[in-house]
Amino acid sequence: MKKLIVAAILSVLGIVITSTNAQALELNVYGGGTFSSVSYNPAPASAPSTKMGMIYGVGVGWSAMPGFGFETDLLMTKRKFGANAVTDLAAQYLQIPVIFKATMIPMVTLGAGLYYAKSLSDKLTQTTSGVDTEISFGSLNWNQSDFGWLLEAGGSFPLAPLLSFKVDLRYYMGFSSISTDTTRSDKWNGLDVLAGLSFGF
């Protein structure tokens, strides 16, 4: 896991270094909430419910040409959902999205991209009637990693020269099942609500 985090940090630093000749470069600092769930196929008798967790991190954005750009982030996100009426499951993930963005009107962007997420532990927190216990991903026949696509809508509001307040809404959905059981298809999905500051260079 440490190797994954180091590799992700080096990747973002590499983007910063190689993007110095771009038309615009920005450093973003985010915080907010993530509303997560898991879709099961076949569906269980008790449908899972969406729960909120915290999400925070940093990102780098740059313009490839006027009106178009890219962003990649390092986000710590707590994915949490209601497995049934009395039990919640939660796990801490490192999430790395890469998003292509288009400025539709001043201060408003729409985007699409991919993400990779990896659990920071081999265990989830199971909360049943207010009591927390730890269970392994293996006991659920789940992989610790997740890969998928996302859609984004955002706004950027200038506060001062080279300083803006940003808001991002990102809907994500896993491409492939996280279940190791080939008779099932379990996929993460959710909505990330992010807000923070953007520093231009």
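Heads up: the structure comes first, above all this text.
Q: Describe in detail the overall build of the chain, supporting the description with residues and values.
A: On a plain count of helices and strands, the chain comes out with one helix and 10 strands. Listed N to C, the secondary structure of the chain is α-β-β-β-β-β-β-β-β-β-β in terms of helices and strands. For the chain, the proportion of its 201 residues judged to be buried stands at 36%. Within the chain, contacts between residues separated by at least 24 positions form 62% of all contacts whose residues are at least 6 apart in sequence. A total accessible area of about 10300 Å² is found for the chain, and carbon and sulfur atoms account for 67% of it.

Q: Would you mind going over the layout of surface pockets in detail, with residue names and values included?
A: Of the volumes computed, that of the largest pocket is approximately 620 Å³. Among the elements of the structure, β1 (25–41), β2 (49–65), β3 (68–82), β4 (87–105), β5 (108–119), β8 (145–160), β9 (163–174) and β10 (185–200) are those that each provide at least two residues to the lining of the largest pocket. In terms of residue class, the lining of the largest pocket is built from 15 nonpolar, 13 polar and four charged.

Q: Hey, could you go over the environment of alanine 153 for me, with residue numbers and the actual values?
A: Relative to the assigned elements, alanine 153 resides in strand β8. When the C-alpha positions of alanine 153 and threonine 109 are compared, they lie 5.8 Å apart, and in sequence the two are 44 residues distant. In this structure, alanine 153 is in contact with Thr109, Leu110, Val167, Asp168 and Leu169, ignoring residues within four places of it in sequence.

What counts, and where the lines are drawn
Residues numbered from 1 in each chain as written. Predicted model: local features only at pLDDT ≥ 70, side-chain atom pairs only at ≥ 80, totals over all residues. Heavy atoms only, no water. Helix = DSSP H or I, 4+ residues; strand = E, 2+ residues; numbered from the N terminus. Buried < 20%, exposed > 50% of the residue type's maximum accessible area, 1.4 Å probe, protein only. Contact = heavy atoms within 4.5 Å. Areas by Shrake-Rupley, 256 points an atom, 1.4 Å probe, with all protein chains shown as cover. 1 Å grid on protein atoms, 1.4 Å probe; cavity = no way out; pocket = protein on both sides within 12 Å on 5 of 7 lines; lining within 4 Å. Points joined across faces, edges and corners; volume = space filled by probe spheres on them. Nonpolar A, V, L, I, M, F, W, Y, C, P; charged D, E, K, R; others polar.

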